[in-house]
Amino acid sequence: MNITELSALALATLIHSGEISSVEVTKAFIDKIKKNDGKYNSFITVTEELALRLASEADNRIKNGKILSSLDGVPVAVKDCICVKDVKNTCASKMLKDFVSPYNAAAVEHLLNAGVVIIGKTNLDEFSMGSTNDTSYFGAVHNPWDLNRVPGGSSGGSAAAVAARLVPFALGSDTGGSVRQPASMCGIFGMKPTYGAVSRYGLVAYAHSFDQIGVCARDTADCAALLDIISKNDTRDSTYIGVKNSFADKLSLSVKGKKVGIPRECVGEGVDKLVKSAFLTAVDEMEKMGCEIEFFDFPVLKHVVPCYYVISNAEASTNLSRFDGVKYGYRAAKFDGVEDMITKSRSQGFGKEVKKRIMFGTIAITSENYENYYNKAVKVKQEVKSAFDEKFEKYDIIMCPTAPSSAGIIGVEENDMLKHYLADIFTVSANIAGLPAISVPCGFAENDMPIGFQFIGKRFDDAAVLGFASAYESKTEWYKVMPKAVTGNV
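A brief report on the enclosed structure follows. For clarity, every value in this text was computed on a predicted model and none was experimentally measured.

Conventions adopted
Residues numbered from 1 in each chain as written. Predicted model: local features only at pLDDT ≥ 70, side-chain atom pairs only at ≥ 80, totals over all residues. Heavy atoms only, no water. Helix = DSSP H or I, 4+ residues; strand = E, 2+ residues; numbered from the N terminus. Rg over C-alpha atoms; globule rule 2.2 N^0.38 Å. Buried < 20%, exposed > 50% of the residue type's maximum accessible area, 1.4 Å probe, protein only. Contact = heavy atoms within 4.5 Å. Polar contact = N/O pair within 3.5 Å; in protein donor to acceptor, adjacent residues only side chain to side chain. Axes fitted to C-alpha atoms, helices over the stretch in contact; angles between N-to-C directions. Parallel < 35°, antiparallel > 145°, perpendicular 65-115°, else oblique. Nonpolar A, V, L, I, M, F, W, Y, C, P; charged D, E, K, R; others polar.

**Brief notes about the overall build of the chain**
- Counting secondary structure elements, the chain contains 16 helices and 11 strands.
- Against the globule reference of 23 Å for 490 residues, the chain gives a C-alpha radius of gyration of 21 Å, in line with a compact fold.
- Scored against the burial criterion, the 490 residues of the chain give a buried share of 62%.
- Here the contacts in the chain between residues at least 6 apart in sequence split such that 76% fall between residues at least 24 apart.

Next up, the structure:
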């Protein structure tokens, strides 16, 4: 039995029964990270000492008959923009390369209270800005399916680590598809819950009105179990609303007779033919299970990318203004006065993509441009929400591809800004409308790279989204396929 290839819940069952210890499991994953992550670069920090201490505590509790949760003793990785006390929180930026968090994020507190073992902090696009995970100060993350290709972003480190079996599951953050898109490109599940379902306290903000902590996992049951833990109550985030029911409530959902809507724009021009083929095959599978399938026009979709980038960059301009070299973070070595120190610290501390988005966002909120850019984008945001509300009066769920293409070559899309930004066209709408969405593996492109599609659900109907994904998962085996580099068949 290769314990690193088991799901999180399967590992939990073995740990809780005493068949294997949490320390053994944790050591197995740490050894695998040390041996293999040099080729993936999915981790920035491995918290070996912390992980083994937490695992030992879990084993002692379990021996005494006290199990804190369904995942007590199971290792998890955390995206390196989510704070873990006394551990570096770099946001993959030179600006914060040596910053050690003095506190835990709410989601991390919930993990610790549930006995989950934090094994390390994963790589990401700098300050979560990117769709490729090659803007990190610590170097690009390599897709386990092809080391020359990107894993998607910005939570590419979390997705790659899960796909490479370096960890059972991981936390990411999703601002415009940053959990779902890398999950699609790495052949795993990636879930973004409803905005407000998980506290954002301790998540370093990129765009606070879109950011949401999500999960990368190998199956829907693991997604649901982890989300049930991190969605616990927190009073420090004013946008936190919580969920009334368990995320796992509808994993055995019958989809027979359910109405599934599909935007025609998602299978039109600009979508790779094999992505389209894999997606339509998934649609056929849902129809075989008794779903009523209907295609509909969704013209608002053409506005979501500009709407997203205007608002997100405007918020990034504000949120990243705190990194000035004065209180914490990188400070330039040589400067002439306070203003010069701030200018040089920010110029040297931020990478090219971050500086580009800060400048774009600053321009969008100047007095001359506010009405023409930011205010119009906010109006479009409301139109997108209303458009989804209207469709959900008719449909139980909406299906669409996760990304218009499979993973690209590292470094190529960085020089093609339009393609880079349009990679988010099918994911950003769920963030704009604050809806739950999950990416599900559904096939492979001609380059043997994974393809995924999304289920998007009604606000706070996260359990139904997971239920649809679980129903599809039960009829297919795409999620069971592992990269050749992991199985050794290369």
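**Structural notes on unusual backbone geometry**
- Cis geometry is found at the peptide bond from Gly153 to Ser154, where omega equals 5 degrees.
- You can see Ser154 is positioned in the loop between strand 3 (117-122) and helix 5 (156-163).
- Notably, Asn41 is not glycine yet its phi reads approximately 60 degrees, a positive angle.
- Here Asn41 lies in the loop between helix 2 (22-40) and strand 1 (43-46).
- Phi at Ser128 takes a positive value of approximately 65 degrees, unusual for a residue other than glycine.

**With respect to the side chain of Thr4**
- Its place among the elements puts Thr4 in the segment before helix 1 (8-17).
- With a relative accessible area of 5%, Thr4 lands in the buried category.
- Polar side-chain contacts of Thr4 include one of 2.7 Å to the side chain of Asn2.
- A distance of 3.0 Å separates the side chain of Thr4 from the side chain of Lys32, its partner in a polar contact.
- Those residues in contact with Thr4 that sit more than four places away from it in its chain are Ala28, Phe29, Lys32, Arg165 and Arg218.

**Concerning the packing of helix 9 (residues 304-319) against helix 11 (residues 352-364)**
- Contact geometry for helix 9 and helix 11: axes closest at 7 Å, N-to-C directions at 100 degrees. Considered as vectors, helix 9 and helix 11 are oriented roughly perpendicular to each other. Contacts between helix 9 and helix 11 involve Tyr309, Val310, Asn313, Ala314 and Ser317 from the first element and Arg357, Ile358, Phe360, Gly361, Thr362 and Ala364 from the second.
- For the contact of helix 9 with helix 11, a count of residues per class yields six nonpolar, four polar and one charged.

The values are spatial; any link to function lies outside them.
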